[in-house]
2 protein chains.
Amino acid sequence: MPTVSSEELAAAAGVNSAKLRKDFSYLGSYGTRGVGYDVEYLVYQISRELGLTQDWPVVIVGIGNLGAALAGYGGFASRGFRVAGLIDADRAMTGKQVAGLTVRHTDELEPLIKESGVSIGVIATPAGAAQAVCNRLVEAGVTSILNFAPTVLNVPEGVDVRKVDLSIELQILAFHEQRKAGEEAELREAEAAAAGQGGKPAADAVARPAARKKRTGQGPDGDVPAVMPA
Amino acid sequence: MPTVSSEELAAAAGVNSAKLRKDFSYLGSYGTRGVGYDVEYLVYQISRELGLTQDWPVVIVGIGNLGAALAGYGGFASRGFRVAGLIDADRAMTGKQVAGLTVRHTDELEPLIKESGVSIGVIATPAGAAQAVCNRLVEAGVTSILNFAPTVLNVPEGVDVRKVDLSIELQILAFHEQRKAGEEAELREAEAAAAGQGGKPAADAVARPAARKKRTGQGPDGDVPAVMPA
DNA sequence: ATGCCTTTGTGAACGCGTGCACAAAGATGG
DNA sequence: CCATCTTTGTGCACGCGTTCACAAAGGCAT
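Residues numbered from 1 in each chain as written. Chains lettered and ligands numbered in written order. Predicted model: local features only at pLDDT ≥ 70, side-chain atom pairs only at ≥ 80, totals over all residues. Heavy atoms only, no water.

For the rest of this paragraph, the subject is the sheet that holds strand β7 (residues 120-123) of chain B. All names here are of chain B. The mixed open sheet is built from 7 strands, whose spatial order is β5-β6-β4-β3-β7-β8-β9. Strands at the two margins of the open sheet, each flanked by one partner only, are β5 (97-98) and β9 (160-163). Alignment of strand β4 (residues 81-88) against strand β6 (residues 101-105), held across 3 bridges, turns out to be parallel. Pairing of D88 across the sheet is with H105, part of β6. (Pairing = 2+ DSSP bridges. Helix = DSSP H or I, 4+ residues; strand = E, 2+ residues; numbered from the N terminus.)

Structure follows, in structure tokens:
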């Protein structure tokens, strides 16, 4: 398949074709009217725009289970990322092989960053060590940090930090799960009400502190919200 | 501190106080005018709305580095998640202790789900095994899946899937990193141009297939885009 | 060469979320 | 009990991203 239309691409991606074309137009990607987009050229343009054609040396600090998982993650190489080094504070880890690389001690952090020209650091340490590691990374010249530790990092102007909290994704799933359950419960309640016996709302587990006077009526506390997060 | 105002909360969170109040109003959380929100009551309301007060048994399938990391992740317990079981297809893993739990073989997947009332599954297997695992999870009654495998999962209506791609976060950092570098290069180029010698754009690594006629002029192919993703 | 057909690129309209500004409500002090 | 002050809850306006719809452009058959 040498060429694709915005319509095909949009259907495959599950988005609107107009949006896709407009997005491409921002990139300056030129298709051919009446034909579509040349696949190879398009792939190259998007790859370059996204930085996939560049080589990004990355250092991973904290080689526990998560750090090891990241070191061995297959998706990195194909996206232009190269693990330039693994760092761990535990001397017992020093010298060990993880995912084909040798773990080095924290002492070697700065030389590693400078030698390899690392500008992106990944923090997979316990929460307590994260800020100290972050400071050393920044000091050594790292300007982008991916933080898996459950802490908010303070960084100077010009340094980007992205925080990944693995439990947030679960949280979102649980939220939807609750909504599903809530809707079912509501249906049952509605049926019960139709049968003549209104379902009475359960008392709050934590009482309202001050005077809990009127309620707007139509919604008990157990209501599901009208909005939902992403 | 028994009570907080929306202003304080907004400042701490780095958002607009009006937005915060509006969001709270959607939840039906009632503050007290002239005083603010009762902290304990607010925490309880938000927790309940988010499902933190419920107990969510979770099964993790695929106990490699990532699965082990997830099993030991501290953030789960405090958010209401409980790892009900660890499953791995490798018989060599069966019976081993990971993060204080015993790894069980894939054969025990269905009974585990039914006994523990699991409705959320986490897939941390290699890409090849993910869809098969997914099918079995759904068949056994799981309705929410968190997928760490680099595959798109096909699921029936009513089942939620969230895909976590660890390299995407790095991708976003790299994109910004590229923009930073691009801006610096542009500055240098502008200086060079001011000195009389215009920087010439490098030829594309992949040639345009068809006729590459006019360009709108002001932007060489190496341009950074005018927009950026989240 | 000419006309028709397909698909792009984009101006314009729509919808939604965010932020502003203010009235209502409750607390507090005289 | 009334006046004043603080803070909530929310109608309204603005801005941005998405979608619609169509003119322009290129390919292709006759």
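Residue and element names in this part refer to chain A. In space, the 7 strands of this open sheet follow the order β5-β6-β4-β3-β7-β8-β9, with mixed pairing throughout. Strands at the two margins of the open sheet, each flanked by one partner only, are β5 (97-98) and β9 (160-163). On top of the sheet, helix α6 (residues 109-116) reaches β3 (56-61), β4 (81-88) and β6 (101-105); it is set at about 165° to β4, its chief contact. In the packing of helix α7 (residues 127-140) onto the sheet, the strands contacted are β3, β7 (120-123) and β8 (144-147), and the crossing angle to β7 comes to about 170°. (Contact = heavy atoms within 4.5 Å. Axes fitted to C-alpha atoms, helices over the stretch in contact; angles between N-to-C directions.)

This part is about the packing of helix α1 (residues 6-13) of chain A against helix α2 (residues 17-27) of chain A. Residue and element names in this part refer to chain A. Following both chains from N to C, one finds α1 and α2 inclined at 110°, their axes separated by 8 Å at the closest point. In terms of orientation, α1 lies roughly perpendicular with respect to α2. Regarding α1 and α2, the two cross each other, and that crossing is right-handed. Seen from α1, the contacting residues are S6, E7, L9 and A10; seen from α2, they are S17, L20, R21 and F24. Across the contact of α1 with α2, the residue classes tally to 4 nonpolar, 2 polar and 2 charged. (Parallel < 35°, antiparallel > 145°, perpendicular 65-115°, else oblique. Left-handed = near helix turned anticlockwise from the far one by under 90°. Nonpolar A, V, L, I, M, F, W, Y, C, P; charged D, E, K, R; others polar.)

All right, on to the protein's contact with DNA strand C then. Residues in contact with DNA strand C amount to 22 residues; listed here are only the nearest, S6(A), R21(A), Y37(A), K22(B) and R33(B). Counting only atoms of DNA strand C within 4 Å of the protein, the fraction found in sugar and phosphate groups is 61%. Within the contact set of DNA strand C, a phosphate oxygen lies 2.6 Å away from a side-chain nitrogen or oxygen of S6(A). One of the side-chain nitrogen or oxygen atoms of N16(B) is found 3.1 Å away from a phosphate oxygen of DNA strand C. Residue contributions to the surface near DNA strand C peak at 4 residues, all from helix α2 (residues 17-27) of chain B. (Near = heavy atom within 4 Å. Polar contact = N/O pair within 3.5 Å; in protein donor to acceptor, adjacent residues only side chain to side chain.)

This part is about the confidence of the model for chain A. Keep in mind that low pLDDT regions are not for reading the predicted coordinates in detail. Averaged over chain A, the pLDDT score is 84; the fraction of residues at 70 or greater is 83%. Long-range and interchain partners of residues 197-203 of chain A, a stretch whose pLDDT sits below 50, account for 4 contacts in this model, where long-range means more than four residues apart. (pLDDT = per-residue confidence, 0-100.)

With that settled, consider the pattern of salt bridges. Under the counting rule described, the total for this entry stands at 20 salt bridges over all chains. Put simply, R162(A) and E169(B) hold a salt bridge, and the shortest N to O gap is 2.7 Å. Remark: E169(B) occurs in helix α8 (residues 166-194) and R162(A) occurs in strand β9; the pair is interchain, linking two chains. Residue classification places R162(A) among the partly exposed positions, given a relative accessible area of 21%. With its nearest N and O atoms 2.9 Å apart, the salt bridge here joins E110(B) to R136(B). In this pair, E110(B) sits in helix α6 (residues 109-116) while R136(B) sits in helix α7 (residues 127-139), placing the two residues 26 residues apart along the sequence. Residue classification places E110(B) among the partly exposed positions, given a relative accessible area of 22%. A relative accessible area of 30% places R136(B) in the partly exposed class. (Salt bridge = Lys/Arg side-chain N within 4 Å of Asp/Glu carboxyl O. Buried < 20%, exposed > 50% of the residue type's maximum accessible area, 1.4 Å probe, protein only.)

Among the 22 residues in the neighbourhood of DNA strand D, the closest are listed as R33(A), S6(B), R21(B), R33(B) and Y37(B). Backbone atoms, meaning sugar and phosphate, form 61% of the atoms of DNA strand D found within 4 Å of the protein. A distance of 2.8 Å is found between a base nitrogen of DNA strand D and a side-chain nitrogen or oxygen belonging to R33(A). Take K22(B): an N or O atom from its side chain is 3.3 Å from a base oxygen of DNA strand D. At the level of secondary structure, the elements contributing two or more residues to the surface near DNA strand D comprise α2 of chain A together with α2 of chain B. The dominant element in the surface near DNA strand D, judged by the number of residues it contributes, is α2(A), at 4 residues.

Residues and elements named next belong to chain A. Residues S144 and L146 line one face of β8 and the alternating positions I145 and N147 line the opposite face, and both faces are buried. As judged from the 4 bridges shared by β7 and β8, these two strands associate in the parallel manner. If you follow V122 over to β8, its bridge partner there is L146. Traced from β7 through α7 to β8, the parallel crossover comes out right-handed. Looking at chain direction, β8 and β9 are connected through 4 bridges and run parallel. (Right-handed = clockwise from strand over helix to strand, strands pointing away.)

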